[in-house]
Amino acid sequence: MGSLDLYPHGSSAVKTLPKCQQIGPTRPGKRRPLGCGGVVLSSSVFLHVGQSWGGPGPLLQIMARWLQIRLLTWDVKDTLVRLRRPVGEEYATKARAHGLEVEAAALGEAFGQAYKAQSHSFPNYGLSHGLTSRRWWLGVVLQTFHLAGVRDAQAVVPIAEQLYEDFSSPGTWQVLEGAEATLRGCRKRGLRLAVVSNFDRRLEDILVGLGLREHFDFVLTSEAVGWPKPDSRIFHEALRLAQVEPAVAAHVGDSYHCDYKGARAIGMHSFLVAGPGHLEPAVKDSVPQEHILPSLSHLLPALVRLEGSPRGL
């Protein structure tokens, strides 16, 4: 192996590194920086390679393969956890306990309409309109029951209060299959993990109760930072807190618009969690197959492929 010459940008100075016997991994999961004698070659340095290397191409390809993701940000709802029962069933059960009989199917359909309307009129829990997330959710519940045919708003108020508390409880949620094992595997690889979620202030306690909070360095909710995904500012805030560049960060989530496109718009890598047949044809056609995770157990192999690819994802 010949010597390596370093030509810093805008400089004619030449520094020659001695021969290096170890270029590459030292043990599984650990990467050795390219260089010898404490000298590390960064992407800001132009590499001139001797003829024995066959030109710069082979070395640059080796360096490209050394892409190492340092930060992995996570969506939560329907990515790591989900409700134990459909919303309509939860609402119907609580209504019944308060003497109101309303069909679960009707409540489920009404909830979808009420949530969409509330999100449109008062985005991100109505923070810019002086609302709190609690008041925002109480409004959703009241409107849901109204659309389902209940006209007595006063009768719904105690139901709405109870539902807000119930959805704050970890017992209402369940951890998705493979989530804990995947998070542990990511930590074992030395990755920093963080949450980037369009959730409200209740998320921290829910994650603690489900035993997931310990895996994350920090939790960012759209209520706390003031910007919901896909707004680039919530992703930039995660990068700032982790002190990493977008090129060494990846996001995992189940929403094509909020998670996948939001992260990639600022230069992060991204993986879309979507089971077989769950993607619309237009979305499936626009997302490379290697970016799609049929389940969380596919994430670690996908990261290995990403770090081993000369062009990345």
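The shown structure was predicted, so the numbers you read here are calculated from the model rather than taken from an experiment.

Colleague: I'm lost on the pairing of strand β4 (residues 71-74) in this one. Help?
Modeller: Every regular strand shows the same layout, with side chains that alternate between the two sheet faces. Residues of β4 alternate between two faces, with L71 and T73 on one and L72 and W74 on the opposite face, all of them buried. Alignment of β4 against strand β7 (residues 192-197), held across four bridges, turns out to be parallel. Bridge assignment links L72 to a residue of β7, and that residue is L193. Where β4 and strand β9 (residues 249-253) come together, four bridges link them in parallel fashion. Following the sheet pairing, L72 is matched in β9 by A250.

Colleague: Looking at this structure, how should I read the packing of helix α3 (residues 104-121) against helix α5 (residues 133-147)?
Modeller: If you want to describe how two helices pack, look at the angle between their axes and the distance between the axes. Two numbers describe how α3 lies on α5: the axes approach to 8 Å, and their chain directions differ by 135°. With respect to α5, the element α3 is oriented oblique. Crossing of α3 over α5 shows right-handed handedness. Between α3, through L107, A110, F111, Q113, A114, Y115, Q118 and S119, and α5, the contact on the second element is made entirely by W136, W137, G139, V140, Q143, T144, F145 and L147. Residue composition of the contact of α3 with α5, grouped by class: ten nonpolar, six polar and no charged.

Colleague: Where do I start with helix α6 (residues 153-166) in this structure?
Modeller: Residues that lie three or four places apart on an α-helix share one face, since the helix turns once every 3.6 residues. Across its 14 residues, α6 extends 20 Å between first and last C-alpha, which sits within 8% of the 20 Å expected from 1.5 Å per residue. Among all positions of α6, only V156, I159, A160, L163, Y164 and D166 are buried. Residues of α6 that are buried in the fold lie against α2 (87-97) and α5. Put simply, D152 is the residue that caps the front of α6, since its side-chain oxygen is 3.3 Å from the backbone nitrogen of Q154.

Colleague: Would you mind showing me how to read the sheet that holds β7 here?
Modeller: Paired through their backbone hydrogen bonds, the strands of a sheet run either parallel or antiparallel. If you walk across this open sheet you meet the six strands as β8-β7-β4-β9-β10-β11, and the pairing is parallel. In this open sheet, the two strands that pair with only one neighbour each are β8 (218-221) and β11 (292-293). Contacting β9 and β10 (269-273), helix α11 (residues 256-264) runs over the sheet at an angle of about 165° to β10. Set on the sheet, helix α13 (residues 299-307) makes contact with β4, β9, β10 and β11; between it and β10 the angle comes to about 150°.

Colleague: Help me out: how do you make sense of the packing of α5 against α6 in this one?
Modeller: Running from amino to carboxyl end, α5 crosses α6 at an angle of 130°, the nearest separation of the two axes being 9 Å. With respect to each other, α5 and α6 are oriented oblique. As for the relative orientation of α5 and α6, their crossing is right-handed in sense. Residue-level contacts link S133, R134, W137, L138, V141, L142 and F145 of α5 to A153, V156, V157, I159, A160, E161, L163, Y164 and E165 of α6. Residues belonging to the contact of α5 with α6 are distributed by class as follows: twelve nonpolar, one polar and three charged.

Colleague: Please explain the side chain of S133 as it appears in this structure.
Modeller: With respect to the secondary-structure elements, S133 resides in helix α5. Separated by 3.1 Å, the side chains of S133 and E223 make a polar contact. Among all residues touching S133, those that are not within four sequence positions of it are Y125, Y164, D200, R201 and E223.

Colleague: Honestly, the pattern of salt bridges in this entry has me stumped. Any pointers?
Modeller: Pairing between side chains of opposite charge can happen when the charged atoms of each approach one another. Scanning the model with the defined rule gives 17 salt bridges in all. Linking D217 and R187 is a salt bridge whose minimum nitrogen-to-oxygen distance equals 2.9 Å. Taken together, the positions of D217 in the loop between α8 (203-209) and β8 and R187 in helix α7 (residues 179-188) put the pair 30 residues apart, joining distant regions of the chain. Looking at D217, the relative accessible area reads 32%, which means it is partly exposed. Looking at R187, the relative accessible area reads 33%, which means it is partly exposed. Linking D200 and R202 is a salt bridge whose minimum nitrogen-to-oxygen distance equals 2.9 Å. For the pair shown, D200 and R202 are each scored as buried. Bridged by salt links that share partners, the residues R85, E90, K94 and D166 form one connected network.

Colleague: What's the story with the environment of P123 in this structure? I'm lost.
Modeller: Among the secondary structure elements, P123 is positioned in helix α4 (residues 123-126). Along the chain, P123 and W136 lie 13 residues apart, while their C-alpha atoms are 9.7 Å from each other.

Colleague: Explain the packing of aromatic side chains to me, please; I cannot follow it from the model alone.
Modeller: The relative placement of two aromatic rings is captured by the distance of their centres and the angle of their planes. Summed over the entire model, instances satisfying the criterion amount to twelve aromatic pairs. Ring geometry for Y91 against F145: centres 6.0 Å apart, planes inclined by 5°, an arrangement best described as stacked. Taken as a pair, Y91 in helix α2 and F145 in helix α5 lie far apart in primary sequence, 54 residues in all. Per residue, the accessibility class of Y91 equals that of F145, and both read buried.

Thresholds applied
- Residues numbered from 1 in each chain as written.
- Predicted model: local features only at pLDDT ≥ 70, side-chain atom pairs only at ≥ 80, totals over all residues.
- Heavy atoms only, no water.
- Buried < 20%, exposed > 50% of the residue type's maximum accessible area, 1.4 Å probe, protein only.
- Helix = DSSP H or I, 4+ residues; strand = E, 2+ residues; numbered from the N terminus.
- Pairing = 2+ DSSP bridges.
- Axes fitted to C-alpha atoms, helices over the stretch in contact; angles between N-to-C directions.
- Parallel < 35°, antiparallel > 145°, perpendicular 65-115°, else oblique.
- Left-handed = near helix turned anticlockwise from the far one by under 90°.
- Contact = heavy atoms within 4.5 Å.
- Nonpolar A, V, L, I, M, F, W, Y, C, P; charged D, E, K, R; others polar.
- Expected span 1.5 Å × (residues − 1).
- Polar contact = N/O pair within 3.5 Å; in protein donor to acceptor, adjacent residues only side chain to side chain.
- Salt bridge = Lys/Arg side-chain N within 4 Å of Asp/Glu carboxyl O.
- Phe/Tyr/Trp six-rings, centres within 6.5 Å; stacked < 30°, edge-to-face > 60°.

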